[in-house]
Amino acid sequence: MVERFPVYQYEIRRPDRATETRWSFVPLSPGGYAGNDEPSDAHPMGNEPADLSQMQLAGHVEAPDGSTITSMEPPMLEIPGRGSLDLNSLIQPERADAPQLGHLVRWLPR
């Protein structure tokens, strides 16, 4: 049996910077953006204007039974008896090293 988790995609737009694509396990409301799970005044760029695009379902992740979400954004899973997996490395392998636990998880893009 496997656990199945929805993954949402959104973009962060800041003036004079390239648009950055991110993923999350929960849909966020569009608006201002402070950073990864941090209040705006705690983030180094918290005072800079940034916009969050409309969230959209990007796909699903299938993981071994008993896997749990340990972070919504960045999206991280705890795989029972194996450790944590940052889904960014699975969804966008060109941005990170190949995940050691990637063979246990299946990315199903929409």
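This write-up is about the structure you can find in this document. (Residues numbered from 1 in each chain as written. Predicted model: local features only at pLDDT ≥ 70, side-chain atom pairs only at ≥ 80, totals over all residues. Heavy atoms only, no water.)

What to know about the environment of Gln92
- In this structure, Gln92 sits in the loop between helix 1 (88-91) and strand 9 (106-109).
- Measuring from C-alpha to C-alpha, the distance between Gln92 and Arg22 comes to 9.9 Å, with 70 residues separating the pair along the chain. (Helix = DSSP H or I, 4+ residues; strand = E, 2+ residues; numbered from the N terminus.)

Quick look at the side chain of Ser67
- Considering the arrangement of structural elements, one finds Ser67 in the loop between strand 5 (56-64) and strand 6 (68-71).
- At 2.7 Å, the side chain of Ser67 forms a polar contact with the backbone oxygen of Pro64.
- Excluding residues within four positions of it along the chain, Ser67 makes contact with Glu3, Phe5, Glu78, Ile79 and Pro80. (Polar contact = N/O pair within 3.5 Å; in protein donor to acceptor, adjacent residues only side chain to side chain. Contact = heavy atoms within 4.5 Å.)

Comments concerning the sheet that holds strand 7 (residues 76-79)
- Strand order across the open sheet formed by three strands is 6-7-8, with antiparallel pairing between neighbours. Strand pairing shows two members of the sheet lacking a second neighbour, strand 6 and strand 8 (83-86), which therefore form its edges. Direction aside, the axes of adjacent strands within the sheet are offset by 35° on average.
- Note that strand 6 and strand 7 share three bridges and pair antiparallel. Bridging from a neighbouring strand, Thr68 pairs with Glu78 of strand 7. (Pairing = 2+ DSSP bridges. Axes fitted to C-alpha atoms, helices over the stretch in contact; angles between N-to-C directions.)

Structural measurements only, silent on function.
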